[in-house]
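# Examining the three-dimensional arrangement
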Amino acid sequence: MAAAAMSCWGVALGAAVGFPLLLLAAAPCIRRFVAGGRCESAARLDGKVAVITGANTGIGKETARELARRGARVIIACRDTAKGEAAASEIRAETGNPQVVVKKLDLADTKSIREFAASFLAEEKELHILINNAGVMLCPYSKTADGFEMHLGVNHLGHFLLTFLLLERLKQSAPARIVNVSSLGHHGGRIRFHDLNGEKSYNRGLAYCHSKLANVLFTRELARRLQGTKVTANALHPGSVNTELVRHSFAMTWLWRIFSFFLKTPWEGAQTSVYCAVAEELESVTGQYFSDCRPAYVSSWGRDDETAKKLWNVSCELLGIQWD
Ligand SMILES: NC(=O)c1ccc[n+]([C@@H]2O[C@H](COP(=O)([O-])OP(=O)(O)OC[C@H]3O[C@@H](n4cnc5c(N)ncnc54)[C@H](OP(=O)(O)O)[C@@H]3O)[C@@H](O)[C@H]2O)c1
């Protein structure tokens, strides 16, 4: 009996000491695994112009840093220009590239999107890379200035309108690329045509997933329509990344803090965006979905061409635009 008790204590003690030691020894391997794929391309972007939405922080800021490092003129399109200027001056100082500029863009307001596009088109003669990166997640029920549910309005409709307004410049500058930052969360999404604005029922986690599915479907239909133009459109999942995205949820903010070791850093999270924007082997690849710098599995809803077409038409109606 005493021997059995002793052996139990021995096992417990061994586990208490051994497990943390094992974790410590395995830490570099775990980190390498968590970091995921890396963009190996050394492509330069001198003379190229890139717009990145939500590039004042998180994945967008690291994407801007990488494109600036490669010589691109980078437009940080963000709603908080003070935060944008802070990010831009940090990137300019670190990369030595003076061509990092900030422009005001609030994707929750179509007036702001139109003003951004008008000012961009007046000042910039070319556009080679558009990265639709900005996003919101887990927002309490709220609406954009135009009355769209916030996730749908910012994550999908805002970027849909922005792309529409900038598309001619992308075509004129071809070869050009559109990169839509979606999420693995699209697997949980559905396009609820009967209640797009979540007025009948609303779940903030699902609302995010629906909007990320919309990103995938938009990419699919856009790529189809852009065949032959030398403008490509691809979507991606950046991984689980330690950013401010979870700011609207107290529980998720704490979970993100506690498990930060198991999350990608923003730089690691930016790798697939950079890959889609620059990789030579993707020059003519379009309508695809990537994760960790390689093709990834799209949900069956995300491969539904009929839903993609219907979403396109409904989005045009909601925004009052004609996009054939
Ligand atoms: N982090 C992850 O684990 C993860 C996983 C899958 C997908 N993603 C996707 O990655 C993208 C980047 O997210 P992140 O993780 O880098 O999050 P983040 O750090 O919160 O960055 C989001 C960016 O979007 C901007 N934004 C939000 N609402 C906007 C609006 N109305 N107008 C203009 N900009 C607006 C934010 O601006 P402010 O700073 O002014 O708020 C911020 O710059 C998102 O599309 C997200 O869905 C992230």
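This report concerns the structure included in the present document. (Residues numbered from 1 in each chain as written. Predicted model: local features only at pLDDT ≥ 70, side-chain atom pairs only at ≥ 80, totals over all residues. Heavy atoms only, no water.)

### Here's the deal with the nonpolar core
The nonpolar side chains of soluble globular proteins are, as a tendency, buried together. Grouped together as the largest cluster of nonpolar side chains are 49 residues, with contacts concentrated most on Phe116, Ile178 and Trp323. Elements represented by at least two residues in this core include exactly strand E1 (49–53), strand E2 (73–78), helix H4 (110–123), helix H5 (150–172), strand E5 (176–181), helix H6 (204–225), strand E6 (231–237) and helix H9 (305–319). At 11 residues, H5 tops the list of elements feeding residues into this core. Those residues within four positions of phenylalanine 116 in sequence are excluded, and the remaining contacts are Val51, Ile75, Ala77, Lys103, Lys104, Leu105, Leu162 and Leu166. Within the second largest apolar cluster, 32 residues are counted, among which are Ile76, Ala88, Tyr275 and Cys276. (Core = buried A, V, L, I, M, F, W, Y, C linked by side-chain atoms within 4.5 Å. Buried < 20%, exposed > 50% of the residue type's maximum accessible area, 1.4 Å probe, protein only. Helix = DSSP H or I, 4+ residues; strand = E, 2+ residues; numbered from the N terminus. Contact = heavy atoms within 4.5 Å.)

### Thoughts on the sheet that holds E1
Strand order in the open sheet made by the 8 strands is E3-E2-E1-E4-E5-E6-E7-E8, with mixed pairing throughout. Edge strands, defined here as strands with exactly one partner in the open sheet, are strand E3 (100–104) and strand E8 (294–295). Along the sheet, H4 makes contact with E1, E2 and E3, crossing E3 at roughly 145 degrees. (Pairing = 2+ DSSP bridges. Axes fitted to C-alpha atoms, helices over the stretch in contact; angles between N-to-C directions.)

### Remarks on the site of the ligand
In the region of the ligand, 31 residues are neighbours, and Asn56, Arg79, Tyr208, Val241 and Thr243 sit closest. Taking asparagine 56, its side chain carries an N or O atom lying 2.7 Å from an oxygen atom of the ligand. One of the side-chain N or O atoms of tyrosine 208 is found 2.6 Å from an oxygen atom in the ligand. Considering the ligand on its own, with 890 Å² of exposed area, one finds that the protein chains cover 97% of that surface. Of all the elements in the fold, those that place two or more residues in the shell around the ligand are helix H2 (58–69) and H6. In terms of residue class, the shell around the ligand is built from 13 nonpolar, 12 polar and 6 charged. (Near = heavy atom within 4 Å. Polar contact = N/O pair within 3.5 Å; in protein donor to acceptor, adjacent residues only side chain to side chain. Areas by Shrake-Rupley, 256 points an atom, 1.4 Å probe, with all protein chains shown as cover. Nonpolar A, V, L, I, M, F, W, Y, C, P; charged D, E, K, R; others polar.)

### Focus on helix H8 (residues 266–278)
With 13 residues, H8 ought to run about 18 Å at 1.5 Å a step, and its terminal C-alpha atoms sit 18 Å apart, in line with that. At threonine 272, H8 shows its largest bend, some 30 degrees. H8 sits mainly inside the fold: 11 of its 13 residues count as buried. Here H8 has its buried residues at Glu268, Gly269, Ala270, Gln271, Thr272, Ser273, Val274, Tyr275, Cys276, Ala277 and Val278. (Expected span 1.5 Å × (residues − 1). Bend = angle between axes of the 7 residues up to and from the residue.)

Remember, this is a structural readout, not a statement about activity or role.
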